[in-house]
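# Tertiary structure, described
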Amino acid sequence: MSEATQTATAGTVADDARHDNPMWSSRLAFILAASGSAVGLGNIWKFPYITGENGGGAFVLVYLLCIAVVGIPIMIAEVMIGRRGGRSPINTLRIIADRDKLNPRWKLLGWMGIAASFLILSFYSVIGGWAINYVGHAASGAFAGASSDAIGSMFGGLLGDASSLLMWHTLFMVAVMMIVVRGLKSGMERAINILMPALFLLLLVLVGYAASTDEFSKGLNFLFAADFSKLTTEGVLSALGHAFFTLSLGMGVMLAYGSYLPKRVSIVKTAVTVSVVDTVVALLAGLAIFPLVFANGLEPGAGPGLIFQTLPLAFGKMAGGSFFGTLFFALLVIAALTSAISLLEPVVEWLEEQKGISRLTGTLIGGVSIWLLGIATVLSFNEWAEFHPLAFLPVFEGKTVFDILDYVTANLIMPLGGLLIAILAGWFMNKQAVENELDMGNGIGFKSFMFVLRFLAPAAVAVVFIYNLL
Ligand code: PFF
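Because the structure is predicted, anything quoted here is derived from the model rather than measured. (Residues numbered from 1 in each chain as written. Predicted model: local features only at pLDDT ≥ 70, side-chain atom pairs only at ≥ 80, totals over all residues. Heavy atoms only, no water.)

## Things to note about the packing of aromatic side chains
Evaluation of the coordinates by the stated rule reveals 26 aromatic pairs. Its guanidinium or amino end placed over the ring of F245, K46 lies 4.7 Å from that ring's centre, counting from NZ or CZ. Above the face of the W427 ring, R454 is positioned so that its terminal group lies 4.0 Å from the ring centre. (Phe/Tyr/Trp six-rings, centres within 6.5 Å; stacked < 30°, edge-to-face > 60°. Lys NZ or Arg CZ within 6 Å of the ring centre and 35° of its normal.)

## Points about the layout of surface pockets
In this structure, the largest pocket occupies an estimated 940 Å³ of space. Broken down by secondary-structure element, the contributors of at least two residues to the lining of the largest pocket are α3 (41-53), α6 (107-139), α11 (233-246), α17 (401-428) and α19 (444-469). Considering each element in turn, the lining of the largest pocket owes the most residues, eight residues, to α11. For the lining of the largest pocket, the residue count by class is 19 nonpolar, nine polar and six charged. (1 Å grid on protein atoms, 1.4 Å probe; cavity = no way out; pocket = protein on both sides within 12 Å on 5 of 7 lines; lining within 4 Å. Points joined across faces, edges and corners; volume = space filled by probe spheres on them. Helix = DSSP H or I, 4+ residues; strand = E, 2+ residues; numbered from the N terminus. Nonpolar A, V, L, I, M, F, W, Y, C, P; charged D, E, K, R; others polar.)

## Section: the site of the ligand
Lining the immediate surroundings of the ligand are 16 residues, of which A38, G42, Y124, F245 and V253 lie closest. Contact with the protein chains covers 100% of the free accessible surface of the ligand, which is 340 Å². Put simply, the ligand lies in the largest cavity. Class assignment for the residues of the shell around the ligand results in eight nonpolar, eight polar and no charged. (Near = heavy atom within 4 Å. Areas by Shrake-Rupley, 256 points an atom, 1.4 Å probe, with all protein chains shown as cover. Sits in = over half its atoms within 2 Å of the grid points.)

## What about the confidence of the model for the protein chain?
Chain-level statistics for the protein chain give a pLDDT mean of 86 and a share of 91% at 70 or above. The weakest mean pLDDT in the protein chain belongs to helix α1 (residues 3-9) at 33; the strongest belongs to helix α16 (residues 359-380) at 96. Every residue in residues 1-18 is under pLDDT 50, and counting partners more than four places away or in other chains gives 21 contacts. (pLDDT = per-residue confidence, 0-100. Contact = heavy atoms within 4.5 Å.)

See below:
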């Protein structure tokens, strides 16, 4: 939107908060940024390890189904709400509630998203810091020929050393702030334009390497041959929950990005593209990881330590392992960074919209407070490892501050946010406006989309949400 249009439309309460740098330069730029948010630790660290824990193929199939049936419709809804409002999540929701004569409390959904971004980034940054640390380990050749005990104590040593964790966390946060402070076009777009294709390329190189091992077909089988006897109810629910996490849904992130999307761009096509990119990256990560796991006689169900404790063993044994190890962890840092940018952006965008707060000040206030909260996660792995602040509530028994942050955001806030987004778009928003935004006509496509949004997606999410609460 031009300066002239901005001035011309200014005047209402909300209109004083126009984006000063309003639109993505192209549909591709939006796709890069949104996939930058979606593709992260969730794809490369979490997807392989939960797939490993849940026995492979059948879990992957259910996960793909969840992406298609719940994830994509909710992403479409979230981007659509964002574009219709055209502001940061809270203001967008206020405007839509205003326009469609809805309860003004819908803006609480925006607050919830800001709070979740804030909480997630505080620990995401610490894990991003581990990845930076492992780039160094790999590059220095520390994995070469190392025993599993040595690899284990390398990881244990990092977690036990609060000051070192703090340093890596700080480094990660500074990098995120430096990108976000430069604003949408000059900072985020340019950074993501380079980072995303680099990520894809690096993954392809790693899959290429995996394909050269003897166990590639075993890895392929593990990922794609569905053995339903290995699938548990819990696995189904965790597949659905992960669909939210991996697509960055229910938090206002896609809502904020949607507010920058030009009107002429198709939301449906764009959301489908982003979801496909995200899924392909996760599957590529699986393809790169599992053949290595099998080729080295390692355990696919090793849990969250899979990449940090298990892969270095594989890298230690393979020819050129230092090189591929460095590449792999660099890739993880890149993926984590682009997701982290999307977590800080809504916080800053919102601060910026408040009178008198510049982008620099907003980034500093937001970034430093998140960094401060991150110290609690840093300490959760050492000094506070036995500190269980909410142990008086049964759900939080035995949980450290980090565990609580992870649980509250991924298991409670994100599903609730997704559920509310589906309900807002499906039941409350002006139907004509939804139709106009989606530009699909009023045929079978639109009708089935509305059906999924009104019934299927909320029901599925409600199940996960209630399950997690119980
Ligand atoms: N989607 C990111 C990942 O898979 O790592 C994590 C994430 C980013 C979740 C942004 C939520 C969010 F708002």
